[in-house]
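# Overview (structure and organization)
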Amino acid sequence: MSTFLSKTEVAELTGRKQRQKQVEQLISMHITFTLDAFGWPKVLRKTIEAELGIGDSCQIKRGGATLSDDELYTG
């Protein structure tokens, strides 16, 4: 497993395909990232796992619906 999320995973996380839109979305989500030499955002997998509580028993409330561990996509 890679240290960073793949481009596909970042697109999935942000819901955006364009790099500038991904950057804007990550900023609005308060997710720490860096940019690679081509301007694509690089997000540490560890950051997302900590943010979403992956590995711990958790529930996340999004848009009025509650998601449990078994409903979360962990890649």
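Here, the structure is the one placed above.
Below or above, wherever it landed, is the structure these notes cover. Along each chain, numbering runs from 1 in the same order as the chain's sequence is written. Where local features are concerned, this predicted model is filtered to residues with pLDDT of at least 70; where side-chain atom pairs are given and counted, the filter is 80 or more; whole-chain, interface and lining totals use all residues. By convention in this description, side-chain values take in all heavy atoms of the structure and omit both hydrogens and water.

## Looking at the nonpolar core
Put simply, the test is: Nonpolar core, defined: a set of buried Ala, Val, Leu, Ile, Met, Phe, Trp, Tyr and Cys residues in which side-chain atoms within 4.5 Å join the residues together. Here's how the labels work: a residue is buried when its accessible area is under 20% of the maximum for its type, exposed when over 50%, partly exposed in between, all with a 1.4 Å probe on protein chains only. Whether two residues are in contact is decided by their heavy atoms: any pair within 4.5 Å suffices.
If you look at the biggest cluster of nonpolar residues, it comprises six residues: Leu5, Val10, Leu26, Ile31, Val43 and Ile48. The contacts of Leu5, once residues within four sequence positions are left out, are Val10, Leu13, Val43, Arg45 and Ile48.

## Looking at the pattern of salt bridges
Note the following rule: A side-chain nitrogen of Lys or Arg and a carboxyl oxygen of Asp or Glu constitute a salt bridge if their distance falls within 4 Å. Per the convention used, a helix needs a DSSP run of H or I reaching at least four residues, while a strand needs a run of E reaching at least two, with both numbered from the N terminus.
Scanning the model with the defined rule gives two salt bridges in all. With a closest N to O distance of 2.9 Å, Glu9 and Arg45 form a salt bridge. Of this pair, Glu9 sits in helix H1 (residues 7–14) while Arg45 is found in helix H3 (residues 45–52), placing the two residues 36 residues apart along the sequence. The pair Glu9 / Arg45 is uniform in exposure class, with both members buried. Note that Lys21 and Glu24 form a salt bridge whose closest N and O atoms lie 3.8 Å from each other. Of this pair, Lys21 and Glu24 both sit in helix H2 (residues 19–28), three residues apart, roughly one helical turn.

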